[in-house]
Amino acid sequence: MSPTCTIPYEVLLEFTNTTPDAVTMQVLRREDGGRAQAGPVIYLHQGESLSLVLTAGTAYKYAVRQPPREAELS
């Protein structure tokens, strides 16, 4: 059973690894002043899911990697 957030949130992003291989996901966020700030790298095995609580109106960038492939989403 996953922990449940009791705080209301504005945006919920759910990411599920549906591939047979493990993937990593990293949130990249741009702070005011143009300085890039990278979040932790999260390792997901086949079938595992990740839920991210995000702030509405804030631009986020994500890096999803499954060597040798890499995708950046925003």
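It should be noted that the structure appears before, not after, this text.
Now for a look at the structure at hand.

Definitions and limits used
Residues numbered from 1 in each chain as written. Predicted model: local features only at pLDDT ≥ 70, side-chain atom pairs only at ≥ 80, totals over all residues. Heavy atoms only, no water. Buried < 20%, exposed > 50% of the residue type's maximum accessible area, 1.4 Å probe, protein only. Helix = DSSP H or I, 4+ residues; strand = E, 2+ residues; numbered from the N terminus. Pairing = 2+ DSSP bridges. Phe/Tyr/Trp six-rings, centres within 6.5 Å; stacked < 30°, edge-to-face > 60°. Core = buried A, V, L, I, M, F, W, Y, C linked by side-chain atoms within 4.5 Å.

### Here's the deal with the pairing of strand 4 (residues 49-54)
- Burial along strand 4 is one-sided: the face carrying Leu50, Leu52 and Leu54 is buried and the face carrying Ser49, Ser51 and Val53 is not.
- Here 6 bridges tie strand 1 (residues 11-16) to strand 4, and the two strands are oriented antiparallel to one another. When the bridges of strand 4 are listed, Phe15 appears paired with Leu50.

### Thoughts on the packing of aromatic side chains
- Scanning all chains against the criterion turns up 1 aromatic pair.
- Ring centres of Tyr60 and Tyr62 lie 6.5 Å apart, and the angle between their planes is 20 degrees; on these two criteria the pair is classed as stacked. Exposure class is identical for Tyr60 and Tyr62. Each is buried.

### Brief notes about the nonpolar core
- Grouped together as the largest cluster of nonpolar side chains are 10 residues: Val23, Met25, Val27, Leu44, Leu50, Leu52, Leu54, Tyr60, Tyr62 and Val64.
- Elements with a minimum of two residues in this core: strand 2 (23-30), strand 4 and strand 5 (60-66).

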